[in-house]
Amino acid sequence: MSELTRRTAADLAQLLSSGEVSAVEVTQAHLDRITEVDAGVHSFLHVATESALADAAAVDAARAAGEDLGPLAGVPIAVKDVMTTQGLPTTAGSKMLEGWVPPYDATVVRKLREGRLVMLGKTNMDEFAMGSSTEHSAYGPTRNPWDLNRIPGGSGGGSAAALAAFEAPLATGTDTGGSIRQPASVTGTVGVKPTYGAVSRYGLIAMASSLDQGGPCARTVLDAALLHEVMAGPDPLDSTSLTGGYPDVVAAARAGAKDGIAGLKIGVIRELHGGEGGYQAGVLARFDESLALLTKAGAEIVEVSCPSFTAALPAYYLIMPSEASSNLAKFDAMRYGLRVGPQGVEGPSAEQVMAATRAAGFGDEVKRRIILGTYALSSGYYDAYYGSAQKVRTLIQRDFAAAFAQADVLVSPTAPTTAFPLGAKLDDPLSMYLQDVATIPANLAGIPGMSLPSGLADEDGLPAGIQLLAPAQADDRLYRVGAALESLLVESWGGQILDKAPVLDAKTLEAIR
Ligand code: GLN
């Protein structure tokens, strides 16, 4: 493995701008790493070798010509396959979109291109972002680089695994109920769901529009901030895009690592701390140690209560499928994507083609949610289910408002467990859904959340995550506290957490193929 692939994005940016390395060298090092490990890890659905090298060469030429380039120009990035990329295949992990090459870029992707980041390829994900393990991808699962027999989290398992396997220094994600934060938690990486509306949803293949939010995935808090800054911003193409109030997250990350967090109030959410949540003992132990470090750094820890959080998961599993069932109605075999003729029918009707296509194109989890959502929205049930769930959403927002009156930032474990074995929860959707018990409230309230590694949490030496939550449009607080905690933890471990991950050698990889 080239030493360049171990570097943070901030380091690479520095090496690139000082001319010590070229963008082509950095890109080639990551492409080589992908060649070395991805047949085993399967982070990528598509590797864009040619266009990545061409983009990198263009950055080098622009730099040589003295052009003023963005802070991450020439740094490679992996893009979740839910984001449309002009000229590169985009499937959202579904058979429905197999072979589709979008004619346009998502706004986020346009911003990456304008910032001259080099897109390495598209990362694997649960179909249409539904899942917590990446096992619902129509193209086979991604494996966790910490243990190839375990899941990398989901839905953005491909992006998280690409970071943890040193295939990319940065990646993008989307988070509807935890799909950025939970994969970060189980792979020992950093993931941020920004305030709803801070990152444009234009060109993000929709799951549940009132919850979906794009965000950065990285190996350090500063790297996540640098990428956050590129991704976020107002967008006339997204009617829910925020028109203002974008805090300086990079400055916050730098300040947190330097001046720390003395005097800040940190609220521990009682309902997300043990109890019935099925939290693994090691996950809670690492969480409590992180709190002790924060206290030592001068933060004040208070306990807050958010009683409606016990209804967050059920409310999410009504609102999300309701919106998803509407959003996925467009896959009708007529406009784009898959079209399957019904077997043995002469001159089939449009309805018959639609039915055959949707039966063949969607996987089981997607069908489950379409059925659930269609049922919840049907007349006679709408008020009882969808209406009640929307009321819960208001209660959760009120709980957060009350909690933020007592604390600057709230904390909880990110996911209740470390990475579980592949297949362990596939036959039990409810236990899979419980992975997001701590992450879903932020989506229902539209507030920002971050997951960063809290330590190794079980006898198998697997990582766990701590979640930080801040009020809407106060994303900077996550970065200030996250950077402070990260520097304390890294000091206590004597290095980055991924330095403790087993090396992916040829033998382990061979055994998986
Ligand atoms: N795991 C959650 C779900 O399956 C969240 C998914 C997401 O955030 N896209 O719905």
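Just so it is clear, the structure is predicted and the values come from calculations on it, not from any experiment.

A. Representation of the packing of aromatic side chains within the structure. The tally for this structure, following the rule as stated, stands at 14 aromatic pairs. Members of the aromatic cluster, each reached through a chain of ring pairs, are Trp100, Phe128, Phe331, Tyr336 and Phe362. Arg6 extends its terminal NZ or CZ atom over the ring of Phe166, reaching a point 3.9 Å from the ring centre. Taking NZ or CZ as reference, Lys425 lies 4.9 Å from the ring centre of Phe420, over its face.

B. Structural view of unusual backbone geometry. Omega for the peptide link from Gly154 to Ser155 comes to 5°, which places this bond in the cis form. With respect to the helices, strands and loops of the structure, Ser155 is situated in the loop between strand 3 (118-123) and helix 5 (157-164). Of note in this structure, Ala92 is not a glycine but carries a positive phi near 55°. Its relative accessible area of 0% is what places Ala92 among the buried residues. Backbone geometry places Ala333, a non-glycine residue, at a positive phi of 75°.

C. Representation of the site of the ligand within the structure. Taken together, 15 residues lie near the ligand, and Thr176, Gly177, Ser179, Tyr316 and Asp436 sit nearest. The separation between a nitrogen atom of the ligand and a polar side-chain atom of Ser132 is 2.9 Å. Taking Arg369, its side chain carries an N or O atom lying 2.8 Å from an oxygen atom of the ligand. In the complex, the protein chains occlude 100% of the 290 Å² of accessible area that the ligand would expose alone. Tallied by class, the residues present in the shell around the ligand amount to 5 nonpolar, 7 polar and 3 charged.

D. A look at the packing of helix 7 (residues 221-231) against helix 16 (residues 475-493). Axis separation between helix 7 and helix 16 bottoms out at 9 Å; the angle between their running directions is 155°. The orientation of helix 7 with respect to helix 16, classified from their angle, is roughly antiparallel. Here helix 7 contributes Val221, Leu222, Ala224, Ala225 and His228 to the contact with helix 16, which in turn contributes Asp475, Tyr479, Gly482, Ala483 and Glu486. By residue class, the composition of the contact of helix 7 with helix 16 is 6 nonpolar, 2 polar and 2 charged.

E. Representation of the pattern of salt bridges within the structure. Taken as a whole, this structure holds 19 salt bridges when the rule is applied. Measuring nitrogen to oxygen at the nearest pair gives 2.9 Å for the salt bridge that ties Arg110 to Glu114. In this pair, Arg110 and Glu114 are both assigned in helix 4 (residues 107-114), 4 residues apart and thus about one turn of the helix distant. For Arg110, a relative accessible area of 35% translates into the label partly exposed. Judged by its relative accessible area of 52%, Glu114 falls in the exposed class. Measuring nitrogen to oxygen at the nearest pair gives 2.2 Å for the salt bridge that ties Glu365 to Arg368. Of this pair, Glu365 and Arg368 both sit in helix 12 (residues 364-377), 3 residues apart, which is roughly one turn of the helix.

F. Region of the structure containing the nonpolar core. Among the nonpolar cores identified, the biggest contains 125 residues, and Phe128 and Tyr479 are the most heavily contacted of them. Take this core: its biggest share by element is 8 residues, from helix 10 (residues 312-327). Setting aside its immediate chain neighbours within four residues, Tyr479 contacts Val192, Pro216, Val221, Ala224, Ala225, His228, Val249, Ala252, Ala253 and Met450. Among the nonpolar cores identified, the runner-up in size contains 11 residues, and Ala78, Ala162, Leu163 and Ala171 belong to it.

G. Fine view of the environment of Gly153. Counting through the fold element by element, Gly153 comes out in the loop between strand 3 and helix 5. Accessibility expressed as a relative area gives 0% for Gly153, which makes it buried. The spatial distance from the C-alpha of Gly153 to the C-alpha of Leu498 is 16 Å, given a sequence separation of 345 residues. Setting aside chain neighbours within four positions, we find Gly153 in contact with Ser132, Ser133, Thr134, Gln182, Pro183 and Val186.

H. Structural context of the packing of helix 7 against helix 8 (residues 249-259). Packing of helix 7 against helix 8 brings their axes to within 8 Å, and their N-to-C directions diverge by 165°. Classed by the angle they form, the pair helix 7 and helix 8 counts as roughly antiparallel. In the packing of helix 7 onto helix 8, the handedness of the crossing is left-handed. Contacts between helix 7 and helix 8 involve Val221, Leu222, Ala225, Leu226, His228 and Glu229 from the first element and Val249, Val250, Ala253 and Arg254 from the second.

How each quantity is defined
Residues numbered from 1 in each chain as written. Predicted model: local features only at pLDDT ≥ 70, side-chain atom pairs only at ≥ 80, totals over all residues. Heavy atoms only, no water. Phe/Tyr/Trp six-rings, centres within 6.5 Å; stacked < 30°, edge-to-face > 60°. Lys NZ or Arg CZ within 6 Å of the ring centre and 35° of its normal. Helix = DSSP H or I, 4+ residues; strand = E, 2+ residues; numbered from the N terminus. Buried < 20%, exposed > 50% of the residue type's maximum accessible area, 1.4 Å probe, protein only. Near = heavy atom within 4 Å. Polar contact = N/O pair within 3.5 Å; in protein donor to acceptor, adjacent residues only side chain to side chain. Areas by Shrake-Rupley, 256 points an atom, 1.4 Å probe, with all protein chains shown as cover. Nonpolar A, V, L, I, M, F, W, Y, C, P; charged D, E, K, R; others polar. Axes fitted to C-alpha atoms, helices over the stretch in contact; angles between N-to-C directions. Parallel < 35°, antiparallel > 145°, perpendicular 65-115°, else oblique. Contact = heavy atoms within 4.5 Å. Salt bridge = Lys/Arg side-chain N within 4 Å of Asp/Glu carboxyl O. Core = buried A, V, L, I, M, F, W, Y, C linked by side-chain atoms within 4.5 Å. Left-handed = near helix turned anticlockwise from the far one by under 90°.

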